[in-house]
Amino acid sequence: MKRKWIMGIACGVLMLAGAVGAVQHARSAGETPAAKLQQTFLEASRAYDANRPADAAALYTQLIDQGYRSKELYFNLGNSYFKMGKIGLAVLNYRRAWQMAPRDPDIQANLRFALQSTSASTPPYKAVTRFLFKCSLSEWIILAVSAYWAAAVVLGVLLLWRQHRVGLGRTLAALLLPLALGLAGILNVWIVRQAPEWVVVEPRQQALYAPMEGSKAHFALPEGSIVRLKEDAGAWLKVALGSQSGYVPSKACVPVDIR
Amino acid sequence: MRMSRRQTGYVLTLALCAWMTALRGWTASVEFDIQPRILRAGEAATCTFTIRGIDNPPSPQLPPVQGFRSSFAGTQQSYSFVNGQKDSSVTFTYQLVPIQTGKFTIGPLTYATPDQSFPLPAIDLEIAAPESSASQQGETPEDSSDLLFAVFSTETTDVYNQQVFDIVLSIYSQGLNLGNDISLMNMPASGLSLQPFQELQGGRQVINNKVYDVRRFRAKVQALTAGTFKLEPTIQVPVRVQSERRSPLGFDNSFFDDFFGMVRTQPVHISPKPLEIQVSALPTEGRPPGYAGAVGQFAFEAQVKPTDVSAGDPITLTIQILGRGNIENISAPQFVAGDDFKVYDPRLVSKDSDAGRGIGRKTFEQVLIPRSEKVKELPALVFSFFDPEKKAYETIRRGPYPIVVHPSSNATARILQAVPSHSEASTIILGTDIIYLKPAPARWIPAHKCPWYLHPAFLAAQLLPVAVLGLLFLAVMRREQLAGDVALARRHQAPRTARAGLRKAESAISKGDRKAFYEAIWKTLSSYFGHRLNLAPGELSADIVLSALNRAHMSDSDMECIRVLFEHCERARFGDVGADTVHEAQERGILEELTQVLRKCERLKL
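This report concerns the structure included in the present document. (Residues numbered from 1 in each chain as written. Chains lettered and ligands numbered in written order. Predicted model: local features only at pLDDT ≥ 70, side-chain atom pairs only at ≥ 80, totals over all residues. Heavy atoms only, no water.)

Digging into the overall build of chain A
Inference 1: A tally of helices and strands in chain A yields nine helices and seven strands.
Inference 2: Expressed as a percentage of the 259 residues in chain A, the buried residues total 46%.
Inference 3: At a minimum sequence separation of 6, the contacts of chain A that also span at least 24 residues come to 59%.
Inference 4: Counting every atom, chain A has about 13400 Å² of accessible surface; 63% of that belongs to carbon and sulfur. (Helix = DSSP H or I, 4+ residues; strand = E, 2+ residues; numbered from the N terminus. Buried < 20%, exposed > 50% of the residue type's maximum accessible area, 1.4 Å probe, protein only. Contact = heavy atoms within 4.5 Å. Areas by Shrake-Rupley, 256 points an atom, 1.4 Å probe, with all protein chains shown as cover.)

Structure below.
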C-alpha cells in the first residue's frame with residue numbers, strides 16, 4: 001500500500017520535472033549566447049565611461065529589445081538617460097528597475113535623485129501599499145506559493161497522522177501568515193495596476209482641465225513625474241497625482257509596466 | 001520654618017478660593033434674548049436673561065412693554081467645571097404674549113447688581129396680524145404653494161468665467177415640520193461647478209401678512225465657461241406629517257407618535273422661480289501678460305531665503321497667494337530670470353481652502369540657483385488676477401529682491417553632473433551624483449511575454465496540492481468508514497479473498513493436487529460468503545449460505561451449483577476424494593462454474 005503511494009508521488013514529481021524541463025528547453029531555443037550578451041553589456045558600459053551616454057543607452061536598449069530584462073539593464077539605461085539629460089526616461093527606467101528589485105539601495109537612491117532634480121512627484125501611496133512595495137511581485141508570488149505548498153503538505157500529514165494534530169495545527173496556522181502576506185502583496189500589485197503608473201518623459205508638461213489644446217492648465221507636471229492613469233482617451237491621458245487629476249498628451253508619457 | 005500638613009492645606013484652599021473668585025470676576029456676563037422675533041398674534045415669545053459668573057444674581061426687572069403682556073415663567077440654574085474653569089449661569093425666563101399687531105422694540109435695558117451694571121441691547125419684534133378666518137377654519141383649501149415654496153437668489157446674475165459666487169436657496173414654510181434630507185434635482189450638468197450647500201441660520205419672515213419659517217442654504221458656484229445658464233431645479237423637501245392611525249396607547253404626544261411610527265415623511269417637490277445667470281468671458285482688453293486665470297480678490301506675498309549665497313547654491317523663493325475666488329485653479333506666478341538663474345518648477349507645499357466660504361491660501365516653493373556671482377538681485381515677481389467687482393485686471397508686483405552671490409568656492413564639488421547644453425532641463429545636479437553603473441547580471445534570463453507565474457504549467461501545478469489533498473481526504477474518510485463498519489469492510493474484502501482462493505485453486509490444478517484444489521475451493525467459498533454475510537469462521541454452512549442466497553432471489557440453478565460445490569468440497573476435504581488421478585478438465589469446469597457464480601453473487605444484495 002505504502003509502496004503504491006510512494007510510486008504515485010514519484011511519478012507525479014517526475015512528470016512535473018519533465019514538464020518544467022520541456023518548458024525550459026522550449027524557452028532556451030533561439031536565445032542569444034550569453035557571451036555575446038555580456039560583450040554588448042560591457043560595450044555599453046565602456047560607452048558610458050567614455051561619456052557617450054547615447055551609445056550606451058542604444059546598446060542597453062538593444063539588449064532589452066532582445067527580450068532580456070533585468071534590474072541591472074534598466075538601472076544602467078536609467079543612468080545613461082540621466083547623463084543625456086533625459087530625466088523622464090531616466091526615472092522611467094529606474095522605476096522599472098525598482099519594480100524588479102524594490103529594496104535595492106542603488107536603485108532607490110538614483111530614482112530619488114532623478115526625481116528631486118526636476119522636483120517631480122510620485123503618487124502618494126498609503127502606508128500599507130508602501131509596505132507591500134518592499135517586495136516585488138515575483139517575491140510575493142514565491143512567498144505565497146511556498147506557504148501554500150507547505151500548508152498543503154502539513155494538511156496532508158495532518159490528515160494521515162491525526163495524533164499530532166496540535167503541533168501540526170500550529171504549524172498550519174503559522175503558515176497562514178506568510179500565505180496571507182503573499183496574497184496581500186499580490187493583491188496590492190493588482191490594485192495598483194488598476195490605475196497603472198506612467199512617467200512624464202517630456203519637459204514642462206501641465207495637466208489640463210480638458211483633453212484639448214489650449215485648455216486651462218490645472219497643475220504642473222515636471223519631467224519625471226510618476227502619475228497614475230485614470231483614463232486612456234487616445235491622444236490624451238487622464239492622469240492623477242494625489243488628489244488632482246488632469247489631461248496630458250499621451251505622447252508625453254510612457255507606462256512603467258512592460259507587459 | 002516648616003509648615004505643618006494642616007497649614008499647607010489651609011494655604012492651598014485659600015489660594016484655590018482666591019483663584020476661583022478671580023476667575024468668577026473675569027467671566028461675569030449677561031445675555032438678553034427674545035425668540036422668536038417675528039410671530040403671529042396669538043403666539044407667545046420667550047424672553048431670557050442669562051447671567052453668568054455672578055453668585056445669587058438679583059432677578060431682572062422686565063419693564064412694561066407696549067403691545068405685550070409679560071409674565072415670569074421661571075428660573076434655571078446650571079453649573080459646570082471644565083478644564084479647571086468654573087462656569088455658573090442663571091437663566092430668568094419671561095413669557096411675552098402679544099396683544100396687538102405691529103413692530104415693537106424692547107429695550108435697551110440695564111441689568112444692575114450691587115457691584116456692577118450691564119447694558120443690554122434693544123430687540124425688535126414684529127407681530128403679524130392673524131390670518132383670514134376663512135383659511136383658518138379650512139372652509140377653502142389653502143394653496144399648497146402658500147404653505148411651502150422656495151426662492152433661489154444670488155448677489156449678481158452677471159458673472160465672469162471662472163468667477164466664484166454665492167447662490168442662496170431659501171425654503172419658506174408655514175406650519176410644516178420639514179425634514180433634513182433636502183435634495184436638488186435638474187441642476188445644470190456642465191458650465192457651472194456647484195459646491196455642497198451649507199445651511200445658514202434660519203429664521204422667520206413675514207410675507208403678505210403671513211409668518212413663514214425660513215431655512216436658508218448657501219453654496220459656492222464657479223462658472224466654468226461663458227454662456228447663459230438657467231437654474232430651474234426641482235427641490236425635494238421631506239415634510240413630516242401626522243399619520244391618521246391613532247397611537248396604540250392612546251397618547252396624544254409627538255414623542256410617542258415618533259416612537260410608535262405615527263409620523264411619516266412625505267417628499268414634496270417644489271420648483272422655485274428659475275434663475276438665469278449670464279456668464280461673460282474675461283475681457284481681453286487690459287489683460288496683463290502672464291495672466292494665468294485667477295479670478296477674485298487676492299493678496300500675494302513672496303519671500304526669498306537665503307539672500308547671501310555662493311554661485312551654485314540654491315535660493316528658495318516662497319510664494320503665498322491668499323484670497324477669495326478660484327483659489328483651486330491658481331498656479332504660482334512665472335519667474336522670468338533669464339540665463340542668470342537655473343529655475344526649477346514651483347512646488348505646491350501647502351493649500352488651505354474653505355470651499356464653502358470660497359476663500360483659501362496656497363503656498364508654493366521654487367528653487368532658484370544663481371549661475372554666477374554677477375547676479376545682484378532676484379527679478380520682481382508679478383501676479384495678476386481679474387477682480388469681478390471692479391471688472392478689471394489687477395496686478396501685484398513684489399520685488400526685485402537684492403541678493404549677494406559670492407563666487408563658488410568649490411564649483412566642481414557642487415556641479416557634478418554636467419550634461420550637454422541642448423538639454424537644459426537638468427544640466428546641474430547639486431550635492432551628489434547618481435550611483436555608478438551596475439555590473440552585468442550573473443545570468444541572462446530572457447523575459448517572455450508570459451511571465452513565469454502566468455505560465456499554464458505553473459498555474460496547473462498549483463492545482464496539484466488541492467487534487468492530492470482531495471484524494472487523500474477521500475481515502476482517509478473511506479478508511480475511517482471501513483474501520484467503523486466491520487460488515488462493510490468485510491463486504492469489500494470478499495472479492496479480494498475470493499480472487500486469491502481461485503488463484504490457489506488454479507495453481508492446485510496445475511500441480512495436479514486434487515485435495516489442495518478442493519481445499520482452495522472450500523476456502524474460496526467460506527471466505528467469500530463469510531465476508532459477505534459477516535459470519536464468524538465456525539458459523540458458515542451451506543444451509544446458511546443457500547438461505548441467504550434464496551432471500552436475495554438467486555436463481556435455482558445457481559443455488560444448486562453452489563450446493564453441489566459445497567458437497568464436493570465436503571467430500572474432498574473429509575477423505576472421499578476418490579482416486580488421486582487428476583481430472584483436470586472436470587476441475588477447470590468446477591473452477592469456471594465457481595467463478596461465474598461468484599460474479600453473480602457480487603451483483604446480489606445479500
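Quick look at the pattern of salt bridges
Inference 1: With the rule as written, the count across this model stands at 23 salt bridges over all chains.
Inference 2: Between Glu 197 of chain A and Arg 95 of chain A there is a salt bridge, with the nearest N and O atoms lying 2.6 Å from each other. On the criterion of sequence distance, the pair formed by Glu 197 of chain A in strand 1 (residues 197-200) and Arg 95 of chain A in helix 5 (residues 87-100) is long-range, its members being 102 residues apart.
Inference 3: Salt-bridge contacts for Arg 588 of chain B lead to Glu 506 of chain B; the nearest nitrogen and oxygen are separated by 2.6 Å. Separated by 82 residues along the polypeptide, Arg 588 of chain B in helix 12 (residues 584-602) and Glu 506 of chain B in helix 8 (residues 486-511) bring together distant segments of the chain.
Inference 4: The exposure class of Glu 506 of chain B is partly exposed, given its relative accessible area of 32%. (Salt bridge = Lys/Arg side-chain N within 4 Å of Asp/Glu carboxyl O.)

Considerations on the sheet that holds strand 2 (residues 38-40) of chain B
Residue and element names in this part refer to chain B.
Inference 1: Ordered by their spatial adjacency, three strands build an open sheet running 2-9-6, and the pairing between neighbours is mixed. What marks the edges here is a single partner per strand, and that holds for strand 2 and strand 6 (102-106). For this sheet, the mean inter-axis angle between neighbouring strands, taken without regard to orientation, is 25°.
Inference 2: Pairing between strand 2 and strand 9 (residues 123-128): three bridges, direction parallel. (Pairing = 2+ DSSP bridges. Axes fitted to C-alpha atoms, helices over the stretch in contact; angles between N-to-C directions.)

Some details on the interface of chain A and chain B
Inference 1: Across the boundary between the two partners, chain A contributes 57 residues, which contact 49 residues of chain B.
Inference 2: Across the chain A/chain B interface, buried area totals approximately 4900 Å², and carbon plus sulfur atoms make up 65% of it.
Inference 3: At the boundary of chain A with chain B, the tally comes to three salt bridges.
Inference 4: Our count for the contact surface shared by chain A and chain B stands at 10 residue pairs in polar contact (both at pLDDT 80 or more).
Inference 5: Elements supplying a minimum of two residues to the side of chain A that touches chain B: helix 1 (2-28), helix 2 (34-49), helix 3 (53-65), helix 4 (71-84), helix 5, helix 6 (105-117) and helix 8 (137-160) of chain A.
Inference 6: At 12 residues, helix 8 of chain A tops the list of elements feeding residues into the side of chain A that touches chain B. (Buried area = accessible area lost by both parts, 1.4 Å probe. Polar contact = N/O pair within 3.5 Å; in protein donor to acceptor, adjacent residues only side chain to side chain.)

Looking at the packing of aromatic side chains
Inference 1: What the rule picks out here adds up to 28 aromatic pairs over all chains.
Inference 2: Note on Phe 41 of chain A and Trp 444 of chain B: the rings are 5.8 Å apart at their centroids and 70° apart in plane angle, and the pair reads as edge-to-face. Placement of Phe 41 of chain A in helix 2 and of Trp 444 of chain B in the loop between helix 5 (411-414) and helix 6 (456-461) is noted, with the two residues assigned to different chains. Like Phe 41 of chain A, the residue Trp 444 of chain B is buried in the burial classification.
Inference 3: For the pair Phe 298 of chain B and Phe 385 of chain B, a centre-to-centre distance of 5.6 Å together with 80° between the ring planes defines the contact as edge-to-face. In this pair, Phe 298 of chain B is assigned in strand 23 (residues 296-305) and Phe 385 of chain B in strand 30 (residues 381-387), connecting sequence segments 87 residues apart. Pair check on accessibility: Phe 298 of chain B and Phe 385 of chain B agree, each one buried.
Inference 4: Feature note: the residues Phe 41, Tyr 60 and Tyr 68 of chain A together with Trp 444 of chain B constitute an aromatic cluster, connected by ring pairs.
Inference 5: In this arrangement the basic side chain of Arg 95 of chain A is found over the ring face of Trp 98 of chain A, its NZ or CZ atom lying 4.1 Å from the centre. (Phe/Tyr/Trp six-rings, centres within 6.5 Å; stacked < 30°, edge-to-face > 60°. Lys NZ or Arg CZ within 6 Å of the ring centre and 35° of its normal.)

Brief notes about the pairing of strand 5 (residues 236-241) of chain A
Residue and element names in this part refer to chain A.
Inference 1: Among the six residues in strand 5, five count as buried, and that is most of the element.
Inference 2: In this structure, strand 4 (residues 226-233) lies alongside strand 5, joined through five bridges in antiparallel fashion. In the strand pairing of strand 5, Ala 233 is matched with Trp 236.
Inference 3: Here strand 4 folds back onto strand 5 in antiparallel fashion, the turn holding two residues, of which Gly 234 has a positive phi close to 80°.
Inference 4: The pairing of strand 5 with strand 6 (residues 244-249) spans six bridges and is antiparallel. What sits directly across from Ala 240, in strand 6, is Ser 245.
Inference 5: Hairpin remark: strand 5 followed by strand 6, antiparallel, with two residues in the connecting loop; positive phi at Gly 242, about 70°.

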